[in-house]
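Listed here are the chains, written in short residue letters.
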Amino acid sequence: MKKERNHISHITRLLALLPAGMLCLSAALLTSCEKEIEYNGPDEKPLLVVNIVAEAGGTVAVDVSHSVFFLDVSDNSINKKLSDAKVTLSVNGEAASLTYDKETLTYNDSRTLREGDEVAVKVTHASYGEATAQMTVPHGATLHAHSKSVPFESYRQDSVDSQNQYYGLYACRVDSVWKVNFVIDNAQKKTQFYRLTISPMYTFRLTEGPGMSLINYDYGDAQENEDGTLSIDALSYYSIPATTSYALGMDDMDFDFDLDFLDIDLGLGGDDPDASYTAGPKTFLFSSDNLDGESGNTLSFDILMQTPGWQGGNYYYYHPDEHYITNGWYYYAYNPDEDHELVDYGNPWDIIGRTINYRIDVTLETLTSEYYYYLKSVDKYDGASWSPFSEPVQITCNINGGIGIMGATSTHTLSVQRESTFP
Amino acid sequence: MRKWTIVVMITLSVLSASAQKTFTVSGYVTDAVSDETLISATVLDLKSGLGTVTNAYGFYSLSLPEGDVELMTRYVGYAGRTDAFRLTGDTLLALPMKALAELDEVEIIGNRLDLGVEGSQMSAIDIPVEQIKAVPAMFGETDVLKALQLLPGVQNGTEGSAGIYVRGGAPDENLLLLDGVPVYNVNHMFGLFSVFNPDAIKNVTLYKGSFPAHYCGRLSSVVDIRMKDGDMYKWHGNAALGFVSSKFNIEGPIIKGKTSVNISARRTYSDLLLNTALWGADVLDKEIELNGMMVGYYFDDLNVKLNHKFSDRDRLYVSWYSGDDDIYFRMKEKEQRYYTQQTKFNWKWGNMVGAARWNHVINSQLFMDISANYTQYRHHMGISIDEQDKERKLMQHMELNLKSGIFDETARADFHWNPTPLHEVRFGSFYTHHLFRPDVASITFRAKQEKTADEEAAEENQTVRTGQAEIEAHEAQVYIEDNMTLGSVVKVNAGFSGSFFNVGGRSYFSPEPRVSGRALLADNFSLKAGYAYMSQYVHLLSNNSLSLPTDLWVPVTERILPEKSHQVALGAFYNIDNVCDLSLEGYYKLSNNLLEYREGVSFMTGSTDWQEKVAMGRGWSYGVELMAQRSIGRLNGWVAYTWSRTRRLFDREGMVLNNGKPFNAKYDRRHEVDITGNYKFSEKFDMSATWVYATGNCGTVYTQYFLTPGNEFGWQNTVGYASERNNFRLNPYHRLDVSLSWHQQFTDRVQGTFNISVYNAYNNMNPFLIYTDDEYNSSTDTWHTTLKQVTLFPIIPTISYGLKF
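Residues numbered from 1 in each chain as written. Chains lettered and ligands numbered in written order. Predicted model: local features only at pLDDT ≥ 70, side-chain atom pairs only at ≥ 80, totals over all residues. Heavy atoms only, no water.

A word on the overall build of chain A. Check the secondary structure of chain A and you find three helices and 27 strands. Relative to its full complement of 423 residues, chain A shows a buried share of 49%. Taking as baseline every contact in chain A between residues at least 6 positions apart, the subset at least 24 positions apart corresponds to 73%. With an accessible surface of roughly 19,700 Å², chain A has 49% of that area assigned to carbon and sulfur atoms. (Helix = DSSP H or I, 4+ residues; strand = E, 2+ residues; numbered from the N terminus. Buried < 20%, exposed > 50% of the residue type's maximum accessible area, 1.4 Å probe, protein only. Contact = heavy atoms within 4.5 Å. Areas by Shrake-Rupley, 256 points an atom, 1.4 Å probe, with all protein chains shown as cover.)

Listed below in structure tokens is the structure:
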């Protein structure tokens, strides 16, 4: 069914482009008249831009620049940093002595920020006026985890509907499902705003098979282990059960990287929260208000433990006895002495043992509310920027007299591990 | 206390009326030649000063004191008639009227008793179809909705669009009724034309506020369009050849004096011309490999109305409309020895509307109208590929279909009751079964392999369906309203409507009071006031700029609540010697649960539930509308001016727009001027012109670009900043359209009309959209950003020829 859905999805997406194509064609036919016009609207004058994103346990850097009127933007990388601004910063009422860093082009305070600190900034510039902002560094929530593995057969079929999964061009078979729950402890009795980054990592060590020695591995992210073997980090797929999807808020999901021009809504089941398979590090923005639903403070992720065999890199083994080289994830063995004649091919796991290590790294950042809304607005802006049909997005700012953002985070990190060995 | 005063006044008025013996005069007002019923004809007793207007079926009922009666009947474009007689009992009196054209007199436009100075109804305008036909039109195609756009308080959307925005409301807030049945998609050709063919239409009435209680279901306006019944006595018609389409209308008796039919049809033919050209090229030039290609676009309409008169008391009407837009592409590869392929693409959308109606005069005071209605809007996009491999004896067929639509079945009963000379009561109810089909996709694959030396015989047939399930909903309304005459000065139309909507186990009920009244301060001057509370249970998910066939009607849900509005209006109406009508109206409308797309959302992308794409908020609009209309004479027409403001506030948690602050609606326009004039030089030659001016639409422009804070790698992005949503106004819109017509009388019955129209006569480059354009200068290695404006329609001259027979 999943496969069928994918086929339908591709075709229907292509078909759904036709209206857009027809519209463009019609517009092209009708759009016979185009002319350059003068701008006669508001907000022509550039504004003072102040950006500060500080972290509890870190220091404060004040980034000061000015905006550029849209008709004056000469390219995409506007860089209008101001080094001649007058910047005053206070933490809990104590003024800071700021230094201007010519490498980072920021005004820096050397003191370490703590949770609950109150920070205020005032920036004055002769050409762009005065801007002020203040914030309180949030008290961070903590996180703990528990996990268990279940065989696929006993797993919820409505969440992962088939043991055979398809991810774009790749296919794999789900061996088991590792259910990982994170519990957020929020000591603050008020709404908190979070950014959660989950990074399920899939590390395997290539070992030498009988009568073989590893001679090279050229995958970009390969790491050499202490025992001389190599490891790569690969992306692991996971699905998010409905309760967590609900808690995270569907529209808060940071699936920007999954968006493409063909992703057109045809009501083909893409809105099923349980179908939101994803891979690799993902970031979610949500508030503690979202957690008051069915899920409590627990967020669940179901990591799909794939049967090995499809993941691999460009590695080379030498068979000293047989005098040939093996390479590739679907290996091809060539005889180096006889003009690289192909002598064998097959699944490398048939001849090479490996150990797989699954790890999930989680970072929970507690954010100031303005920074949270700012991040959400930037996220929407990025998502909308590719489409001329998208509604405009207003970037949330909290700088009085200017634009930009002053925000802070308190971070808590956690790692959970599971190890499996496959012969 | 005030409430009791009104009750006492009403009681006294009823008692005073019943103290004197009264009888009722009733019947139909019709065209003397064709027997076509005349809607909203005025019937006035000059002796008592009591009067009424005919209803939507041409029926009137007037209770008058016993004694001498002098009944004057008036109707647009017809010679008035006066009937004097002594009323001694209930009387059934047919009032046939003679059209002015036959009498060679001047034309009369407007001046309806219920809408003008004397009526209690306000914020309503009646437009005879002849007036609509006289308005100059784009591509020579006259259009009902575009004529409405020339009225105060009614705006168009983007240039050329037939969508209407009434008093700050969105296009889906308009209830468009064709013979009493809602039409969901009123657009042809992506909104350039409406589906209402003027040839099939008898009358159009627009209500912008103070809605009578028998209307419900939309917030901003009701456009009540009535189709022609058909001539009961002789066959006649017209045909026209236009720039875009050709059309014909024919009407006449099936049984003389008993049964008539009216048929109107039109079709665009650009696709026929294109395909003829393609076929010619294919045949003549062997080097062009067109592969039997056919490609095109057309729209068509068919209106049919049957009218049967059983007796003076019973009539049956059957109305039918169907119209489609179709984009198609077909390609069949030229026959090859071993392999052939045929590809078909079809994108079709349209409405089908049907109504069967029985009118029965129960007695001289009570009129009954019972109907069964059906309306649907459906959209279908399909592609199919057929392949035949003769060598392998393999045939394959792949087909994909996307469908959506809305389907309504309605049963309705309305009663008109005139119990005393001072009360015109109307009551009734309806029930509608809605079926929403948001999106359904199906893919079919069939393959047939015949047995060959290499292959075994095999057959495969597979169909997969996916998409949202159909949604059923139930809607009902009960209403009662009374048009009361409270003395010689005050007339009040007070009503109550109760609406009910049930979907997915969730029910909504809305009591909706309506009141509208006038104080007649002089024979030709009155003040009016009105209030209406409205609810709307269906929404149109649509792009604001263009009307697309993929626009989707969806019902309210548990999360998306019914839209509500309160509207109050005040007005002054003045008539100058029955020649010119002046009106001044002010309104304030407060709406709740309005929908807008959320920030960053695109109407055509994303795999998100539609509820996630929209935000709910509030809106308010207010304005002043001024209209001066000259009804009589060689020169007639109107001047309309509107000053208005429309604002939105979306500040609900999770649905915030513009940082929770108020902002201008996209079609907030401060000033709008519409001038329409017709001048009849002679019987053979007339001319009409319109000039429109409107403040530009609002849009959002990122006026400043700035750097974001660096990410974990120190990279900084550039983002755009707009101080508020809809911060920029496009240039003002103005345009002059001119139309010249020559009429030629060939015989007594055949007349030809040659028409030249010029749309946008002084070729003003009106804004359709603006965008920024980045141009690279290779010599200086720099980019230069400019602001560009796109204009859709420059000057467009068109010619057409029509025959009336």
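Having seen the model, we can carry on.
Moving on to the packing of aromatic side chains. Residues and elements named next belong to chain B. As enumerated under the stated definition, the model contains 37 aromatic pairs over all chains in all. Ring geometry for Tyr165 versus Tyr667: centroids 4.1 Å apart, planes at 40°, classification tilted. Pair noted here: Tyr165 is in strand β11 (residues 164–166) and Tyr667 is in the loop between β38 (663–664) and β39 (671–680), with a separation of 502 residues, a long-range link. Pairwise contacts between aromatic rings join Tyr28, Tyr57, Phe59, Tyr317 and Phe367 into one cluster. Between the NZ or CZ atom of Lys528 and the centre of the ring of Phe573, over which it lies, the distance is 4.4 Å. (Phe/Tyr/Trp six-rings, centres within 6.5 Å; stacked < 30°, edge-to-face > 60°. Lys NZ or Arg CZ within 6 Å of the ring centre and 35° of its normal.)

Residues and elements named next belong to chain B. As defined by bridge partners, strand β35 (residues 580–597) adjoins strand β36 (residues 614–630) across 16 bridges and the pair is classed as antiparallel. Within β36, the position partnered with Lys589 by the bridge is Ser621. As judged from the 13 bridges shared by β36 and strand β37 (residues 635–649), these two strands associate in the antiparallel manner. Bridge pairing in β37 links Met627 to Ala640. (Pairing = 2+ DSSP bridges.)

Mapped onto the elements of the fold, Val701 of chain B is located in the loop between β41 (698–699) and β42 (704–707). According to the relative accessible area criterion, Val701 of chain B is buried, its value standing at 10%. The spatial distance from the C-alpha of Val701 of chain B to the C-alpha of Ile770 of chain B is 9.3 Å, given a sequence separation of 69 residues. Beyond its immediate stretch of four places on either side in the chain, Val701 of chain B contacts Phe70 of chain A together with Tyr721, Ala722, Asn727, Phe728 and Ile770 of chain B.

Attention shifts here to the confidence of the model for chain A. Note: predicted coordinates in regions of low pLDDT should not be interpreted at a detailed level. Residue and element names in this part refer to chain A. Of the residues in chain A, 58% have a pLDDT of 70 or more, and the chain-wide mean is 73. Per-element confidence in chain A ranges from a low mean pLDDT of 46 for helix α1 (residues 2–30) to a high of 97 for strand β9 (residues 118–125). Below pLDDT 50 for its whole length, residues 1–18 participates in 38 contacts with residues either more than four positions away or in separate chains. With pLDDT under 50 throughout, residues 251–276 is counted as low confidence; its partners more than four residues away or in other chains account for 82 contacts. (pLDDT = per-residue confidence, 0-100.)

Taken together, the side chains of Trp235, Ile254, Ile255, Leu306, Phe310, Leu316, Val318, Trp358 and Ile370 of chain B make up a nonpolar region of the molecular surface, amounting to roughly 780 Å² of accessible area. Within the residue set of the nonpolar patch, elements represented by two or more residues are β19 (245–255) and β22 (314–332) of chain B. (Patch = residues over 30% accessible without salt bridge, like charges linked within 9 Å, V, L, I, M, F, W, Y side chains within 5 Å. Salt bridge = Lys/Arg side-chain N within 4 Å of Asp/Glu carboxyl O.)

Okay, the pattern of salt bridges next. Residues and elements named next belong to chain B. Tallied over the entire structure, the rule returns 40 salt bridges over all chains. Residue Lys202 is joined to Asp229 by a salt bridge in which the shortest nitrogen-to-oxygen separation is 3.2 Å. Pair noted here: Lys202 is in strand β16 (residues 201–207) and Asp229 is in the loop between β17 (221–227) and β18 (236–241), with a separation of 27 residues, a long-range link. According to the relative accessible area criterion, Lys202 is buried, its value standing at 11%.

All right, on to helix α3 (residues 369–384) of chain A then. Taking 1.5 Å per residue, 16 residues should reach 22 Å; α3 of chain A reaches 23 Å between its end C-alpha atoms and fits that length. Of all the positions in α3 of chain A, only Tyr371, Tyr372, Tyr374, Leu375, Lys376, Ser377, Val378, Asp379, Tyr381, Gly383 and Ala384 of chain A are classed as buried. (Expected span 1.5 Å × (residues − 1).)

A few words now on unusual backbone geometry. Look at Asp43 of chain A: it is not a glycine, yet its phi comes out positive at around 60°. Within the element layout of this structure, Asp43 of chain A appears in the loop between β1 (33–36) and β2 (48–55). Residue classification places Asp43 of chain A among the partly exposed positions, given a relative accessible area of 29%. With phi around 70°, Asp35 of chain B is a residue other than glycine that occupies positive phi space. Within the fold, Asp35 of chain B resides in the loop between β1 (22–31) and β2 (42–45). Classification of Asp35 of chain B as buried rests on a relative accessible area of 8%.

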